[in-house]
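In case you want the letters, here they are:
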Amino acid sequence: PPPHHHLRARIFNLPLPRALLPHLHCLFGCGSVAQAVLSKGALGEPLSIHLGFTLGLMMAAYIAGGVSGAHVNPAVTLAMVMLGKISWKKFPVYVAAQFLGAFAGACCVYFLNYDALMEYSSGEFIVTGENATAGIFASYPAKHLSTLNGFLDQVAGSAALILCILAITDSRNIGAPKGMEPLCIGLIILAIAVSMGLNCGYPINPARDFSPRLFTAMAGWGWNVFRAGGCWWWIPVFGPMVGGAVGAAIYFLFIELHHAEPKQQEENNGQQKYEIITLS
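Residues numbered from 1 in each chain as written. Predicted model: local features only at pLDDT ≥ 70, side-chain atom pairs only at ≥ 80, totals over all residues. Heavy atoms only, no water.

Under an unreviewed UniProt entry, the protein chain has the name Aquaporin 9b and belongs to Hippocampus comes. One UniProt comment on the protein chain, placed under Sequence similarities (unreviewed entry), says "Belongs to the MIP/aquaporin (TC 1.A.8) family." (UniProt positions renumbered as here; feature names shortened; annotations may be inferred.)

Structural data, given as C-alpha cells:
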C-alpha cells in the first residue's frame, strides 16, 4: 500500500476536496446574519455582518489558498477560466464543490442556531415580512428594487470584485505582498459591502446564494423562497456570472494586454527604484 503521506497528497490533489475546504465564509457570513437577526440587533448589526463575510472569506483563503487557490465563487472561477488561468475541465468540478460547500455551510448555521431560531419564529418559518428568517441564508431584494436594477447591481458588484482580485493576484501588476492576498481580497468584500449592500445585500456569489436558498426550501421555509421578490432567485445566480465575464474582459483588455515585456518590466522597475532613491 502507498505511504500515508502519498495517499493524502493524492486525495487533496483532487479538485473536489480542494474546492470544498474554503466554505468557512458561508458559516461565518450567514452565522453573523443569524446572530444579528435572532438577537433582534442586540448582538449584531450591519457592520458585524460585513465583518463576518469579510473575515470568513479571508480565513477560507488562508486555509485553502495554497492547495486550491481558495475558489469559493463560481464567478471568480469563470473569470480565471476565461483568462486561461484554470483548465475548462476543472470548471464544472470546482463549481459543483462550491455549491455543495455552501449548502453544508447553511446546514451548519441552521443547526447551530436551531433553538434560537425556534424561539424567535415560534416554529413558523417566514420568507418575507417583519419576522422573516429566510434572509439569514439567502438574499432578497429591497422593496424599491426592480429586476433590471437588481441584475445590474449584481453584474457591477461582481465585475468590481473580479477586477480587484485579478489586480491583486497578477504577478506583473503591483500586486500584494506574499501572504497578504487573502487580507486584500477580504477588504474588497468589505468595500463592496459598505458601498453596494443597499439593494439586496451584495450576494455576488451564485453558490453562496443559491445553495442556502435551496436548503431553506427543504428545511421548512418552502418553495416560496424561489417565488419571493418576483422570482428573485435567478438574479444572484446569473448576474454574478455575467459580472465575472465582464470583469475578466475589462481587466484583459485594459490592463493585461498593456503589461510591459519582461525585459522592459525590469527596466521600468529599475527606473522606479531610482526615482524612489532620488526622492529619498
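Next comes the rest of the description.
### So, unusual backbone geometry
Excluding glycine, a negative phi dihedral is what most residues carry, and trans is how most peptide bonds are arranged. Unusually for a residue other than glycine, Lys40 sits at a positive phi of about 60°. Overall, Lys40 belongs to the exposed group, its relative accessible area being 70%. In the Ramachandran plot, Cys231 falls in the positive-phi region, its phi being about 60° despite a non-glycine side chain. Inspection of the secondary structure assignment puts Cys231 in helix H11 (residues 224-231). For Cys231, a relative accessible area of 37% corresponds to the partly exposed category. (Buried < 20%, exposed > 50% of the residue type's maximum accessible area, 1.4 Å probe, protein only. Helix = DSSP H or I, 4+ residues; strand = E, 2+ residues; numbered from the N terminus.)

### Here we look at the UniProt feature "transmembrane region" (unreviewed entry) in the protein chain
When the UniProt feature table is mapped onto this chain numbering, "transmembrane region" (unreviewed entry) sits at residues 50-70, 91-112, 151-171, 183-204 and 232-254. The span residues 151-171 shows a helical share of 90% and a strand share of 0%, and its end C-alpha atoms are spaced 32 Å apart. A distance of 18 Å separates the end C-alpha atoms of residues 183-204, which is 64% helix and 0% strand.

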